[in-house]
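Per-entry structural report
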Amino acid sequence: MSDKEINFDRDDLFTVESSRWSREDFLGGVEVFPEVEKAAASGRRSFPMFDYFQVDGFHSFWKSLPTVKDSDVLDSGALPHRKLISHMLPLEEFKVLQGLTVGSRFNSMIATSELNAIIVRLPDDVKKVVKDVQEKSEDMEKSLKLLRSLRSLYKRAESDEDQEWIKKEGVEARAKAEADQKALEVAEASLDPTFTQHDSAVRYAVRETLKTTTQKLQSISDAQEAFGASWGLGVGSPTDLPLAAQLEIARTLLNDPMLQKIATMAGRVQRIADKAKRTQTKQAFDEIVGVTTGDRIGDLIGGERIRFAHPVLSAELFSRLLDHKAIIWKKEGTKPEGRGPMIAVIDSSGSMATAHGKEQRIVWAKAVALALHKEAIARKQPFVYIHFSGPGQMAEEVFEGKVGEEAKLMRHSRTFYGGGTEYIQTFDRCLVHLGEQQFEKADVVFISDGEFPLTAPQYAPKIEQFKAGLKARRAKCYGVYTGGYGGTTFKSFCDACWGVDPGLMDGSDVGVLQEMFGEIPS
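Residues numbered from 1 in each chain as written. Predicted model: local features only at pLDDT ≥ 70, side-chain atom pairs only at ≥ 80, totals over all residues. Heavy atoms only, no water.

Regarding the side chain of Asp256
Along the polypeptide, Asp256 turns up in the loop between α12 (243-255) and α13 (257-278). By relative accessible area, Asp256 is classed as buried at 13%. Reaching out from Asp256, the side chain makes a polar contact with the side chain of Arg414 at a distance of 2.7 Å. (Helix = DSSP H or I, 4+ residues; strand = E, 2+ residues; numbered from the N terminus. Buried < 20%, exposed > 50% of the residue type's maximum accessible area, 1.4 Å probe, protein only. Polar contact = N/O pair within 3.5 Å; in protein donor to acceptor, adjacent residues only side chain to side chain.)

Points about the packing of helix α2 (residues 34-43) against helix α3 (residues 50-62)
For the pair α2 and α3, the least separation of the axes is 9 Å and the interaxial angle reads 135°. Looking at the two axes, α2 sits oblique to α3. α3 is crossed by α2, and the crossing has right-handed handedness. Contacts between α2 and α3 involve Val36, Ala39, Ala40 and Gly43 from the former and Phe50, Asp51 and Gln54 from the latter. Split into classes, the residues belonging to the contact of α2 with α3 amount to four nonpolar, two polar and one charged. (Axes fitted to C-alpha atoms, helices over the stretch in contact; angles between N-to-C directions. Parallel < 35°, antiparallel > 145°, perpendicular 65-115°, else oblique. Left-handed = near helix turned anticlockwise from the far one by under 90°. Contact = heavy atoms within 4.5 Å. Nonpolar A, V, L, I, M, F, W, Y, C, P; charged D, E, K, R; others polar.)

Thoughts on the environment of Glu188
If you trace the backbone, Glu188 turns up in helix α9 (residues 160-189). Looking at Glu188, the relative accessible area reads 28%, which means it is partly exposed. Sequence spacing of Glu188 and Gly29 is 159 residues, and the spatial spacing of their C-alpha atoms is 33 Å. Those residues within four positions of Glu188 in sequence are excluded, and the remaining contacts are Ser76, Leu79 and Val133. In this structure the side chain of Glu188 is engaged in a polar contact, spanning 2.8 Å, whose partner is the side chain of Ser76.

Some thoughts on the sheet that holds strand β6 (residues 443-448)
Taken in spatial order, the six strands of this open sheet run β5-β4-β3-β6-β7-β8, and their pairing is mixed. The sheet is open, and its two edges are formed by β5 (394-399) and β8 (496-499), each paired on a single side. Neighbour-to-neighbour, the strand axes of this sheet turn through a mean angle of 15°, independent of strand direction. As paired strands, strand β7 (residues 476-481) and β8 are joined by four bridges and run parallel to one another. Looking at β8, one finds that Tyr481 is bridged to Gly499. (Pairing = 2+ DSSP bridges.)

Comments concerning the nonpolar core
Within the largest apolar cluster, 56 residues are counted, with the highest numbers of intra-cluster contacts made by Leu84 and Leu122. Not counting the four nearest positions on each side in its chain, Leu84 is found in contact with Phe47, Phe53, Ile118, Ile119, Leu122, Phe195, Val202 and Val206. If you look at the next biggest cluster of nonpolar residues, it comprises 47 residues, including Ala369, Leu370, Val480 and Val500. (Core = buried A, V, L, I, M, F, W, Y, C linked by side-chain atoms within 4.5 Å.)

Here's the deal with the packing of aromatic side chains
Under the definition given, this model contains 22 aromatic pairs. Between the aromatic rings of Tyr423 and Phe446, the centroid separation amounts to 6.3 Å while the plane-to-plane angle is 40°, which identifies the pairing as tilted. With Tyr423 in the loop between α18 (406-413) and α19 (424-434) and Phe446 in strand β6, this pair connects stretches of sequence that are 23 residues apart. Side by side, Tyr423 and Phe446 carry an identical accessibility label, which is buried. One aromatic cluster in this structure is built from Phe388, Tyr423, Phe427, Phe446, Phe466, Phe490 and Phe493. (Phe/Tyr/Trp six-rings, centres within 6.5 Å; stacked < 30°, edge-to-face > 60°.)

Comments concerning the packing of α3 against helix α5 (residues 92-101)
Where α3 contacts α5, the axes come no closer than 8 Å and their chain directions differ by 80°. One finds that α3 runs roughly perpendicular with respect to α5. Judged by residue contacts, Ser60, Phe61 and Trp62 of α3 engage Phe94, Leu97, Gln98 and Thr101 from α5. Looking at the contact of α3 with α5 residue by residue, the classes come out as four nonpolar, three polar and no charged.

Such coordinate-based values are descriptive only and should not be taken to indicate function.
Next comes the structure, spelled out in structure tokens:
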């Protein structure tokens, strides 16, 4: 699309009220969004004036209360656009979509790039009459433009001979314009009856396009939110990120299935975490010191939780819960220290992606890391994100919660080694940060499905060094063992730990997430 292909000065070609400045601003967005021009090239095959429809669509999405002009002030070629916009604005699906687009230039451009889907869904009879009207309208405009040019030439003619020639050309041009006008009137006469005849089909085309566009935008928005790029969300959400950078992030998310899985899971984890935070009280921090019996479902040990998945064992467990005889964690309270930086240490060993839950374990772990990143942002504290596997396999990034870090967070979230599991290197890395004053009251979270013989004598000094580093900074350490419910590795160095297998996808992780995010001070 270029300024030669669209006449921004012709108000009668635009169905929705807009200024010349906002139309040109839309053109600037098209230069960044090639998807819009690609859609326009396709749309013109059925709607020769499709570019104008895109401008109307953009202003319908972008403005909170778009105003549709009366038919009598519009060019004939714009009338089909008015009919489609008039079908669109009252629909509930449009109002839902507007919840994502109003005031958001980025989301409005994405929605505009989807308008071509309306044309694709329209009945052939409707597309045929629209094409006929718009082609005749363009023919008429060309004839009128020629007449205006000939009049101007006639006034500037320097000889009678030139005037005579121009007059002759003018007579032919006027006859052509009159013929074009009649042809346009005939084509226009079919417009209303055709739209009326196919009213249900037209509404379906508009409604389905709005639905799919909302789904696409919601998917992008959820992923943006998961990775800290909240600039696309809500009405009028501000952002300092350039439009081109926003689009690049959206493309990355749309083209990377793993990031989409992580983002989807992160949304679920965040909802559970938010609920846990809302119900969090200022009670003492509970440290697991052993097991006992009782009826608190949230405190059930892993071996008991897994019984919920068995039809017979679950009934037996419920019976013992009623008798206060289920096996639960015994906890002791200590004062929470938190509200410092967050450090997430994620196991990227092969089993995290090849267990019976396929990629579910690593996806779950990285989703939890994104929730911890959000927690760090809420605290206005740094977030250290570490991936580790076998010896020498470790990657780290530090995030400050600033605009522009979204792409880096996505790149780091892709990290995966697929090797073994070796914890000692992560202790050394964490100790480097714990040696810094700004990591006072930090919270460290380990997530892994791998066992490591930390109880062996040669590792005792390192464990004690790590625990001393935590104590010196008044920091806390949490561990989530994702290999099931029998992990013991974390007990040697974590203040609290849980066991779960996200690969089961049975919802058993809900209690773990609620407890963990409830324990982590906000």
